[in-house]
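Here is how the chains run, residue by residue.
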Amino acid sequence: MTTDIAPTETAAPAPTAAPAARRRTPRERWLSIGKHAGLVLVSLIMIYPLVWLVVSSLKPNEDIFRDLSIFTTNLTVENYVNGWNDLQFPFSVFLLNSTIISVASIIGNLLSCSLAAYAFARLRFRGRNILFAVMLVTIMLPFQVTLIPQFTIFKELGWLNTFLPLIVPKFLAVDAFFIFLMVQFIRALPKELFEAARIDGAGQLRIFGQVTLPLMIPALATTAIFTFIWTWSDFFGPLIYLRLPETFPVSVALKGFLDVQSSSDYGSMFAMSVVSLLPLFIVFLVGQRYLIKGFATTGMK
């Protein structure tokens, strides 16, 4: 006769209580309060010029420099109305010019820089390392060094007073910073993805278009945002190549409110400066999460 011995059940260990959070000492609390107060103070100092610009754009011309305070009750929108129509052309013309140049530059940089970055990161060809080093050296090359040769070339091509000198170079991968940014991003992608695509018979263009580009969204977004900000704010380039008022972007058009021979219309200039800054703020606020992700995934701090 056999007897079955029931297995003994082991009791589950009682859950241990989570350690209580350590209470901060009075000294630590005061240090935290001091740090936050310092950050708030620095933020106010940094944002003050922008607030002053907005408030001054709503002041009459005679009050702008007579009262530098941002607290005033004498506000008017007359500067915005006058500034929009005071120049030779409506300000919408200059906004459109800036938009055309910026959008075309974004398309050019995204297309050319991504292709160049893919070639440096994934293709094997003779002289690749030397060309990559030369490309990196151009980051340190001042813009003024190539200004005269470029101006001579564009003049011989008959491109002066057109948008071509500002747009065409973007399609030739001249922004080495963005190429380097994308190279770092592509090198961080798993090699198994590219090997699997080659095993499936995909060529380089198909791998670039269907495998690489969808994974490069953060880097592409970072490139687009920086290209827009730098192109929209560029003053020197349009000043060199554009002479006709109808081709001016907003950065050059704002100079038209200043007159060294008579009184300058600072109120209208400030008002249109606020208008020209709005696209920059909108693009930055919408794309800041892509900026953070783009730099984080490329290892750039």
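In what follows, the accompanying structure is described. (Residues numbered from 1 in each chain as written. Predicted model: local features only at pLDDT ≥ 70, side-chain atom pairs only at ≥ 80, totals over all residues. Heavy atoms only, no water.)

## Here's the deal with the overall build of the chain
Moving on, step 1. Scanning the chain from N- to C-terminus turns up 14 helices and 0 strands.
Moving on, step 2. Across the chain, helices and strands are ordered from the amino to the carboxyl terminus as α-α-α-α-α-α-α-α-α-α-α-α-α-α.
Moving on, step 3. Long-range pairs, those at least 24 residues apart, make up 70% of the contacts in the chain with a sequence separation of at least 6.
Moving on, step 4. Put simply, the chain shows about 19,200 Å² of open surface, and 68% of that area lies on carbon and sulfur atoms. (Helix = DSSP H or I, 4+ residues; strand = E, 2+ residues; numbered from the N terminus. Contact = heavy atoms within 4.5 Å. Areas by Shrake-Rupley, 256 points an atom, 1.4 Å probe, with all protein chains shown as cover.)

## Brief notes about the environment of L254
Moving on, step 1. As for its position among the elements, L254 is in the loop between α13 (250-253) and α14 (266-297).
Moving on, step 2. Distance in space between the C-alpha atoms of L254 and M272 is 7.3 Å, their sequence separation being 18 residues.
Moving on, step 3. Aside from chain neighbours lying at most four places away, what touches L254 is F91, M269, M272, S273 and S276.

## Some details on the packing of aromatic side chains
Moving on, step 1. Tallied over the entire structure, the rule returns 19 aromatic pairs.
Moving on, step 2. Relative to F91, the ring of W84 has its centre 6.2 Å away and its plane inclined at 50°; by these criteria the two rings are tilted.
Moving on, step 3. Note on F91: relative accessible area 0%, which makes it buried.
Moving on, step 4. Their ring planes at 50° and their centres at 6.1 Å tell us that F177 and W230 sit as a pair that is tilted. Taken together, the residues span a long stretch of sequence, with F177 in helix α8 (residues 176-187) and W230 in helix α11 (residues 217-233) at a distance of 53 residues.
Moving on, step 5. Assessed through its relative accessible area of 26%, F177 is described here as partly exposed.
Moving on, step 6. By relative accessible area, which is 44% here, W230 ends up partly exposed. (Phe/Tyr/Trp six-rings, centres within 6.5 Å; stacked < 30°, edge-to-face > 60°. Buried < 20%, exposed > 50% of the residue type's maximum accessible area, 1.4 Å probe, protein only.)

## So, the packing of α8 against α11
Angle between the axes and distance between the axes are the two parameters that describe a pair of packed helices.
Moving on, step 1. Their axes nearest at 10 Å, the elements α8 and α11 cross at an angle of 165°. By the angle class used here, α8 and α11 are roughly antiparallel. For the element pair α8 and α11, the recorded crossing hand is right-handed. Between α8 and α11, the contacting residues are F177, F178, L181, M182 and F185 on the first element and P218, A219, L220, T222, T223, F226, T227 and W230 on the second.
Moving on, step 2. Split by residue class, the contact of α8 with α11 holds 10 nonpolar, 3 polar and no charged. (Axes fitted to C-alpha atoms, helices over the stretch in contact; angles between N-to-C directions. Parallel < 35°, antiparallel > 145°, perpendicular 65-115°, else oblique. Left-handed = near helix turned anticlockwise from the far one by under 90°. Nonpolar A, V, L, I, M, F, W, Y, C, P; charged D, E, K, R; others polar.)

## Regarding the nonpolar core
Moving on, step 1. In terms of nonpolar packing, the biggest core is built from 33 residues, with F91, F94, F257 and M272 touching the most fellow members.
Moving on, step 2. No other element matches the 7 residues that α14 contributes to this core.
Moving on, step 3. Setting aside chain neighbours within four positions, we find F257 in contact with G83, D86, L87, F91, S264, D265, S268, M269 and M272.
Moving on, step 4. A117, Y118, I207 and A219 belong to the second largest nonpolar core, which has 28 residues in total. (Core = buried A, V, L, I, M, F, W, Y, C linked by side-chain atoms within 4.5 Å.)

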